[in-house]
Every structure is written in structure tokens, then in C-alpha cells.
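Fold and contact review
Below, each chain spelled out in residue letters.
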Amino acid sequence: MSTPEQETAPTSNCFSHIFNLFHFKSSSKPEEEVKKTNSSEVVEAPKVLPFDGKKIVFVLGGPGSGKGTQCDRIVEKFNFYHISVGDLLRNAVEEGSEIGEEIVAIMKEGKMVPMYVTKKLLLAAMEKADDNVPGFLIDGFPRQMDQAEEFERDIGHCTFVLFFDCPHDVLTKRLLKRGETSGRADDNEETIKKRINTFVEASMPVVEHYAKDNRVRKINGDASIEDVTESTLKAFEVDES
Ligand code: UDP
Ligand code: MG
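Predicted model only: the values in this text are computed from it and were never measured. (Residues numbered from 1 in each chain as written. Chains lettered and ligands numbered in written order. Predicted model: local features only at pLDDT ≥ 70, side-chain atom pairs only at ≥ 80, totals over all residues. Heavy atoms only, no water.)

Description of the overall build of the protein
- Along the protein, the regular secondary structure elements total nine helices and seven strands.
- Buried positions account for 41% of the 241 residues belonging to the protein.
- Nonlocal contacts in the protein, meaning residues at least 24 apart in sequence, comprise 78% of its contacts between residues at least 6 apart.
- Here the protein has roughly 13000 Å² of accessible surface; of this, 49% comes from carbon and sulfur atoms. (Helix = DSSP H or I, 4+ residues; strand = E, 2+ residues; numbered from the N terminus. Buried < 20%, exposed > 50% of the residue type's maximum accessible area, 1.4 Å probe, protein only. Contact = heavy atoms within 4.5 Å. Areas by Shrake-Rupley, 256 points an atom, 1.4 Å probe, with all protein chains shown as cover.)

Remarks on the nonpolar core
- Phe58, Leu122, Met126 and Ile138 are the most contacted members of the largest nonpolar core, which has 36 residues in total.
- Secondary structure elements with two or more residues in this core: β3 (55-61), α3 (85-94), α4 (98-108), α5 (115-127), β5 (135-139), α6 (145-154), β6 (160-165) and α8 (189-211).
- A per-element tally of this core places α5 first, with seven residues.
- For methionine 126, the contacting residues outside a window of four places in its chain are Phe51, Ile56, Ile83, Phe136, Ile138, Phe151 and Ile155.
- The next biggest cluster of nonpolar side chains, apart from the first, holds 15 residues, and it includes Val57, Val59, Val228 and Ala235. (Core = buried A, V, L, I, M, F, W, Y, C linked by side-chain atoms within 4.5 Å.)

Quick word on the pairing of β6
- Burial analysis of β6 places five of its six residues in the buried class, which makes it a mostly covered element.
- Taken together, the five bridges between β3 and β6 define a ladder with parallel strand orientation. Counterpart to valine 57 in the pairing with β6 is phenylalanine 160.
- Bridge count between β6 and strand β7 (residues 216-220): five bridges; the pairing is parallel. Pairing of valine 161 across the sheet is with valine 216, part of β7. (Pairing = 2+ DSSP bridges.)

Points about the packing of α3 against α5
- Look at α3 against α5: their axes get within 10 Å of each other, and the N-to-C directions meet at 105 degrees. Between α3 and α5, the crossing angle belongs to the class labelled roughly perpendicular. Contacts between α3 and α5 involve Val85, Leu88, Leu89 and Ala92 from the first element and Thr118, Leu121, Leu122 and Ala125 from the second.
- The class makeup of the residues in the contact of α3 with α5 is seven nonpolar, one polar and no charged. (Axes fitted to C-alpha atoms, helices over the stretch in contact; angles between N-to-C directions. Parallel < 35°, antiparallel > 145°, perpendicular 65-115°, else oblique. Nonpolar A, V, L, I, M, F, W, Y, C, P; charged D, E, K, R; others polar.)

A closer look at the site of ligand 1
- Among the 20 residues in the neighbourhood of ligand 1, the closest are listed as Lys67, Arg90, Lys111, Val113 and Arg195.
- The separation between an oxygen atom of ligand 1 and a polar main-chain atom of lysine 111 is 2.6 Å.
- Measuring from an oxygen atom of ligand 1, one finds a side-chain N or O atom of arginine 184 at 3.3 Å.
- The biggest single contributor to the shell around ligand 1 is α3, with four residues.
- Of the residues assigned to the shell around ligand 1, the class counts are seven nonpolar, five polar and eight charged. (Near = heavy atom within 4 Å. Polar contact = N/O pair within 3.5 Å; in protein donor to acceptor, adjacent residues only side chain to side chain.)

Overview of the packing of aromatic side chains
- This model, assessed by the stated rule, comprises nine aromatic pairs.
- Summarising the aromatic geometry, the rings of phenylalanine 58 and tyrosine 210 are spaced 6.0 Å apart at their centres and angled 70 degrees between planes, so their arrangement reads as edge-to-face. Taken as a pair, phenylalanine 58 in strand β3 and tyrosine 210 in helix α8 lie far apart in primary sequence, 152 residues in all. The exposure classification of phenylalanine 58 matches that of tyrosine 210, with both residues buried. (Phe/Tyr/Trp six-rings, centres within 6.5 Å; stacked < 30°, edge-to-face > 60°.)

So, the confidence of the model for the protein
- The predicted model of the protein averages 86 in pLDDT, with 83% of residues at 70 or higher.
- Every residue in residues 1-14 scores below 50 in pLDDT, and together they form 21 contacts with partners more than four places removed in sequence or on other chains.
- Scored below 50 in pLDDT, residues 16-37 shows 40 contacts in the model against residues more than four places distant or in partner chains. (pLDDT = per-residue confidence, 0-100.)

Here we look at the sheet that holds β7
- If you trace the five strands from one edge of the open sheet to the other, you get β4-β5-β3-β6-β7, paired in parallel fashion. Taken across any chain shown, the strands that pair with only one partner, and hence form the sheet edges, are β4 (81-84) and β7. Neighbour-to-neighbour, the strand axes of this sheet turn through a mean angle of 20 degrees, independent of strand direction.
- Against the sheet, helix α2 (residues 67-78) makes contact with β3, β4, β5 and β6, and its axis sits at roughly 170 degrees relative to β5, the strand it touches most.
- Sheet strands in contact with α5 are β3, β4 and β5, and its direction is about 160 degrees off that of β4.

Given below as C-alpha cells:
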């Protein structure tokens, strides 16, 4: 079996085309700042990241755990800027490029699209936000540890992780139901199993990593939408009210 790192490796050179699709402001480039001390000794200051100063909330949970629905409720109440990384990838597919076919094939296997593709899309989406948004809800990301590390190294600091906990049989039932109308190529029984496996093997270590320094706010996702909303908004109210 391949490791999550191997899964991230580019599967085709055609991903390089995506570089031509985006243009970034120079302010997005992380810069190393250097401070001078009295003794003219040079000391490196902490790296300044493009989205430092904004709250960044990673929204994690198995497929079908309610991330998208609850993000809409948070946006209504707290005006955060919501980015679903799955939607970004699906939109890139709809734009109908050669890479689109590669992305579809990876998503159908419930595997991970290479981080350099995801990162470009994510940065472009974050740059579209108004300067006055209080923060970002990054939904369905990071799905494995190397994505978390790269994001926090180059983009911004994760304030906390909102984690929707839900039994796998409930996830499967919800996704099969959604598959009747969603038109999503990955809402079928075989892909659902693979997505849940990827979640357990690659994404749960991300949740466990952030739990170590108390950055996880865990929500019971196995309840009615209204009840889950109540717990979700409470988890936000801690520092937003
Ligand atoms: N995906 C990915 N990298 C990401 C986020 C998503 O490769 O950072 C792919 C992955 O194949 C995943 C699919 O997009 O299974 C659907 O993700 P989405 O977040 O839409 O699924 P959800 O968990 O909301 O059902
Ligand atoms: Mg979703």
C-alpha cells in the first residue's frame, strides 16, 4: 500500500499547466524578515505569512459529516469567508481543461490531488476575500499531515480545527442518499468506502496532531442539522461574541 506522501506525488506532468491559470499578488509571497540588533548581529525574525492576522479555521470530518451545511450557518452568523477545497477542485474540472480529467480520476478513487495543484487553487480563492473578513473557513482541508505542514509554513497559522465526529455507517447512509441527486462522481458505494478509508488513514492524524495543543473543537455530527448547528455556533461563540 502506498503512503499518503506517495499519494500526493504528481500523477502526470499535465498538472504543470495549472500554473498558467493563476496570477498572484506579490504580497502572497512569504518573506523572511531580518532584524538587526544593537551589536549589529543579524537575527532572523519569525516568517511573516500572507494570511497571518486572519483567523483560519480548518473544517474536518468524514465525507458526509455535515461540513458544508454547517459552514453555511457559520458564514450567516459570523461572516467568515468559506472555501470548500472539494468545490475548488470540482470547479477546476468544470473549466474543462486537460488537468480536469486527472482530478476527476483521483477524486473517483477517493485519493488526494497533488498539493501543489490544491495550494494554487486555495491561495487564489483566499485572495478573493475582502480585506475586512474576520477569518477563513477552510472546508475539507488539510486532509493529510503534509498539507497541514505546508499550509502553516507558507500561507497562515491555523487558529483551530472544527471537527465533525460521526459514525461511518451514518456517513455512508447520508452519502448514498445524497448520491441520488448530487450528480457527484464520488457519491457511489465503492468510492464512499475509499473516501472513508482515506479519512481514517490520512485525515485523522491531522485531527490528532491539532488535538495535542488543544486546537480541536469537536462537534457530535450524529444529530439533526439544527442540533449540530447549535453546537457548531457555540464552538465559535467562545471567541466571536
Ligand atoms: N480533495 C483533495 N484534496 C483536498 C480536498 C479534497 O484531493 O484538499 C479531493 C479528494 O479526492 C476528496 C474529494 O476531493 O475525496 C471530495 O472532497 P470534498 O471535501 O468535497 O468531500 P466531502 O468530504 O465534503 O464529502
Ligand atoms: Mg463538502
